[in-house]
Every structure is written in structure tokens, then in C-alpha cells.
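The residues making up each chain are set out below.
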Amino acid sequence: MDHVSEGGGGRARDRDAEGRARNARPRDGLGRPLPYGAPGVERQPEGVVRSPRETVQEAQALLDAGRPFHAHEVFEDAWKSGPDGERELWRGLAQLAVGLTHAARGNATGGARLLRRGARAVEAWSAETGQDRPYDLDVTGLMAWARASAGTVEGDPAPLDARACAPRLRGE
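Note that the structure is a prediction, hence the values are computed from the model and not measured.

For the rest of this paragraph, the subject is helix 4 (residues 108-129). Given a rise of 1.5 Å per residue, 22 residues ought to cover 32 Å, and the 32 Å separating the end C-alpha atoms of helix 4 matches this to within 8%. Of the residues making up helix 4, those classed as buried are Ala 108, Gly 110, Gly 111, Ala 112, Leu 114, Leu 115, Gly 118, Ala 119, Ala 121, Val 122, Trp 125 and Ser 126. Turning to helix 4, the residues buried within the fold contact helix 3 (87-105) and helix 5 (139-155). Once helix 4 ends, the next one or two residues include Gly 130, with phi positive near 75°.

Next up, the structure:
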């Protein structure tokens, strides 16, 4: 962050180089803010334009590392920069990653809800376009994983191990 400015009530707000509000606090592997000065994990750069295959590869590496919040940011970049006809695919995948993030944080209700919402979005996109393996993504396997994970979270609200429960995006 390059700037700190006064927000409402006299509190300082972190700003990026363009002056937009952006929290500069370090984050843990699940994207939760840590106290200033605490060691955190490196943040995922925002606004990176990747090819769809690079997006899937980067997101899978982050999921494998137990960092679904960061994988969500990779999918969000694709959602925002990709062609209009693929927005729902990438948005749904981002929701799956956020659902896993919430489940790993111990938010069973939000985790299950987002896992199912993401599954519906990806499934609807696949049905609408007739594509069941876009960019080698295993849509059928991801939908089964999302629904099973949502059921697991609802049955046992203990936080999931994000690394152990990470989906295989390509079904490998």
C-alpha cells in the first residue's frame, strides 16, 4: 500500500497506488486478516489476465496448498477479464473456492450455501453451452465434490482441512 488516508470518524484507511481503499493487513492462508506486522502469506496479485488453462493450473496449485481464498481470487480475475460467455463458469468456480474457504474457517452455513451456489452456476453454464469439459475441467466431478462437501459441512460443522478437501479441477 502506498497511501494511508483518514476515513470517517478519524480512522486511517489503507489505500493502493490509485487511491482506492484496500486493506493492507497481512492475511493468513484462508484470507483472514491478521494484525498489522504479523507474518502472513503472500497475497494473490489482483487483476492478472491469464489464459483459461493458466487460470485452472494456478487455482489448482493454490487449492492443493490449502489456500482456497487465493484460488477464488484467481477465478475472479478470469471472471472479470474473460469473455462474457464464460463469466458464469468462472464466477461459479470462484464461489466453489469461497465455499471451501468458509467451510475451512468453520462457517458451515455459508460454506455449504456457497458450495451449492457455485455448483448450480457451473452446472447451468455447462448445460447452456453444452460444454462438460471446458479447459479440461471435470464439471461432473466438481459438481459431485461440491455437493458432497456441502453435505459433509452441514453434517459436521467442524472446520474442514482445505488442503485435504481440495477438489481436483481436472479430475486427475
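There's more to say after this.
Turning to the side chain of Gln 95, a few remarks are in order. Relative to the elements of secondary structure, Gln 95 occurs in helix 3. You can call Gln 95 buried: its relative accessible area is 11%. Beyond its immediate chain neighbours, meaning those up to four positions away, Gln 95 contacts Leu 114, Arg 117, Gly 118 and Ala 121.

Interhelical geometry of helix 3 versus helix 4 gives an angle of 160° and a closest axis separation of 7 Å. The angle between helix 3 and helix 4 places the two elements in the roughly antiparallel class. Crossing of helix 3 against helix 4: the hand is left-handed. Of the residues in helix 4, those touching helix 3 at Glu 88, Leu 89, Arg 91, Gly 92, Leu 93, Gln 95, Leu 96, Val 98, Gly 99, Leu 100, His 102 and Ala 103 are Gly 110, Gly 111, Leu 114, Leu 115, Arg 117, Gly 118, Ala 119, Ala 121, Val 122 and Trp 125. Among the residues making up the contact of helix 3 with helix 4, the classes are represented as 12 nonpolar, seven polar and three charged.

Parameters and conventions
Residues numbered from 1 in each chain as written. Predicted model: local features only at pLDDT ≥ 70, side-chain atom pairs only at ≥ 80, totals over all residues. Heavy atoms only, no water. Helix = DSSP H or I, 4+ residues; strand = E, 2+ residues; numbered from the N terminus. Expected span 1.5 Å × (residues − 1). Buried < 20%, exposed > 50% of the residue type's maximum accessible area, 1.4 Å probe, protein only. Contact = heavy atoms within 4.5 Å. Axes fitted to C-alpha atoms, helices over the stretch in contact; angles between N-to-C directions. Parallel < 35°, antiparallel > 145°, perpendicular 65-115°, else oblique. Left-handed = near helix turned anticlockwise from the far one by under 90°. Nonpolar A, V, L, I, M, F, W, Y, C, P; charged D, E, K, R; others polar.

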